[in-house]
Amino acid sequence: QVHVVESGGGLVQAGGSLRLSCAASGSTSSISSMSWYRQAPGKQRELVATINRIGSTNYADSVRGRFTISRDNAKTAVYLVMNSLKPEDTAVYYCNVVSWAGPLYWGQGTQVTVSS
């Protein structure tokens, strides 16, 4: 019902910045929240940031103050501005979309690599 596509990943040096984008299409009227997750090699997928339909946000302690999540006016796209990147931020970043009807939708992921 909802198709999710991420973009914006790449290779950056420590201290640099990246802007990730997530676009949702399909039954977008059913979206209740959109989030960014990440998964590093050998580690479990973790929540990075989330935003709901009224604009409330939540951040992981490890990224608070460095990352900012936002959405467009149609609430069909979310962005993650990542500043002061660290090698520990290296991971595949996934966009997650929650539908009020129950299902969760995932994007294909975008690789972020931070070199020291």
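Going by the structure above, here's the rest.
As a further point, take the state of the cysteines. Scanning all chains against the criterion turns up 1 disulfide. Bridging Cys22 to Cys95, the disulfide has an S-S length of 2.0 Å. In this structure the cystine formed by Cys22 and Cys95 twists about its S-S bond by roughly -80 degrees; its chirality is therefore left-handed. Residue Cys22 is located in strand β3 (residues 18-26), and its partner Cys95 is located in strand β9 (residues 91-99); the two are separated by 73 residues in the primary sequence. Owing to a relative accessible area of 0%, Cys95 belongs among the buried residues under this scheme.

If you look at the biggest cluster of nonpolar residues, it comprises 29 residues, and the most contacted ones within it are Trp36, Leu80, Met82 and Tyr93. Of all elements in the fold, only β1 (2-7), β3, β4 (31-39), β5 (46-52), β7 (67-71), β8 (77-82), β9 and β11 (110-115) reach the threshold of two or more residues within this core.

This brings us to the packing of aromatic side chains. Tallied over the entire structure, the rule returns 2 aromatic pairs. Summarising the aromatic geometry, the rings of Tyr37 and Trp106 are spaced 5.0 Å apart at their centres and angled 65 degrees between planes, so their arrangement reads as edge-to-face. Here Trp106 lies in strand β10 (residues 104-106) and Tyr37 lies in strand β4, a separation of 69 residues in the sequence. Ring geometry for Tyr94 against Trp106: centres 6.5 Å apart, planes inclined by 85 degrees, an arrangement best described as edge-to-face. Taken together, the residues span a long stretch of sequence, with Tyr94 in strand β9 and Trp106 in strand β10 at a distance of 12 residues. A residue is classified by how much of its surface remains accessible, and Tyr94, at 15% relative accessible area, is buried. Its guanidinium or amino end placed over the ring of Tyr94, Arg45 lies 3.8 Å from that ring's centre, counting from NZ or CZ. Above the ring of Trp106, the side-chain terminus of Arg45 is found at 4.7 Å from the ring centroid.

Procedures and definitions
- Residues numbered from 1 in each chain as written.
- Predicted model: local features only at pLDDT ≥ 70, side-chain atom pairs only at ≥ 80, totals over all residues.
- Heavy atoms only, no water.
- Disulfide = S-S within 2.5 Å.
- Helix = DSSP H or I, 4+ residues; strand = E, 2+ residues; numbered from the N terminus.
- Buried < 20%, exposed > 50% of the residue type's maximum accessible area, 1.4 Å probe, protein only.
- Core = buried A, V, L, I, M, F, W, Y, C linked by side-chain atoms within 4.5 Å.
- Phe/Tyr/Trp six-rings, centres within 6.5 Å; stacked < 30°, edge-to-face > 60°.
- Lys NZ or Arg CZ within 6 Å of the ring centre and 35° of its normal.

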